[in-house]
Amino acid sequence: MSDLPLADLDAFTIVARERSFREAARKRGVSASSLSEALRRLEERLGVRLLNRTTRSVTPTEAGERLIERLSPAIGEIAAALDDINSFRDSLAGTLRLNVPNVAAIVFLPDLVNRFLKAYPGIVLEIVAEDSFIDVLAAGYDAGVRYDERLERDMIAVPIGPRQQRYITAASPAYLEANGEPKHPRDILNHRCIRHRFVSGNVLAWEFERDGQVVMISPPTSLAANSVDIERSAAVAGLGIIRTFEEFLAPALASGELVRILPEWETVFSGPFLYYASRRHMPAPLRAFVDFLRLEQRAAGRRSAVEDQQNN
């Protein structure tokens, strides 16, 4: 048994973790058939079935569960040892997998990612943008981006993107001319609204706050979508009032296609954080990304200090 190929053992662990040959193949950058062949060889050598396969699911057998439990730490240590060799290369290499909310993917990640990949051309960056709340580490990602600084134990948070953002309310001039402008959040109950539907199916109530007063409403809905482009387009077309991230509406506000309403009820909140597991060994691509973010923050701080001096 000492000559079992590590590649076959790794194939087993990734398929067992993902519960899918197709998803495991996508994350490994290989074909599903190659993983299936690796599992066949491994089970044949061991003389025991490790995975139960049907057309709809892949689940570990009892023997498979026990093998995963023993293998995962060992394969992790092997990956860490190989990753340490990165420090001897002229250019870092490896894959960095991130799970991020759609607002991050739209607002600030594109420019950040471009600068990072130019600095580290040997790193492959895989980004999945979604608004569902998942355990990113259990799902096989190296790190995630979230808007809540309160993290689980043994997690580290690093600021990423704008340090302050706001939620605003807006409508087209034509809509306001035809329907009047609300003066209080409760007035919105008499209007048509464009709302965001999350992948989970939830359409959240709108929350407004001013001077410690909180107002929550579930406004009448003319459109609910999980696409920012569709939502913004509907608002510009005069189909209702929209409430979302300021950055999503900035071009339409600048052009006059949309007008801010209820400005005193805008919600200001802290920017997002990159978060990852607190552990002794950090994969080289993730370490490079974290170091890159910290350099960006210091550079931004210096620019801000210069601007303050010039303004004074």
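Check the entry above for the structure.
Computed from a prediction, not measured in an experiment: that's the story for all the values here.

Attention now moves to the nonpolar core. With 26 residues, the main nonpolar core has I160, L274 and F289 as its most contacted residues. Of all the elements in the fold, those that place two or more residues in this core are β3 (94-100), α6 (109-119), β4 (123-129), β5 (143-146), β15 (273-277) and α10 (284-311). In terms of residue count, α10 provides more of this core than any other element does, seven residues in total. Leave out the neighbours within four places in its chain, and L274 touches L98, A143, G144, V145, I156, A157, V158, I160, F289, V290 and L293. Among the nonpolar cores identified, the runner-up in size contains 19 residues, and A24, A25, V58 and I75 belong to it.

Here β5 shows a buried face lined by A143 and V145 and a second buried face lined by G144 and R146. In terms of strand pairing, β3 meets β5 through two bridges, oriented parallel. Within β5, the residue paired with N99 across the bridge is G144. Pairing between β5 and β15: three bridges, direction antiparallel. In the strand pairing of β15, V145 is matched with L274.

Once that is clear, we can look at α6. All of the buried residues in α6 are L109, L112, V113 and F116. For α6, the angular spread of the buried residues around the axis is 95 degrees, confining them to a single face. Facing away from the buried side of α6 by over 90 degrees, the exposed positions are D111 and K118.

Conventions we followed
- Residues numbered from 1 in each chain as written.
- Predicted model: local features only at pLDDT ≥ 70, side-chain atom pairs only at ≥ 80, totals over all residues.
- Heavy atoms only, no water.
- Core = buried A, V, L, I, M, F, W, Y, C linked by side-chain atoms within 4.5 Å.
- Buried < 20%, exposed > 50% of the residue type's maximum accessible area, 1.4 Å probe, protein only.
- Helix = DSSP H or I, 4+ residues; strand = E, 2+ residues; numbered from the N terminus.
- Contact = heavy atoms within 4.5 Å.
- Pairing = 2+ DSSP bridges.
- Arc of directions from axis to C-beta.

Functional significance is not addressed by these values, which are geometric in nature.
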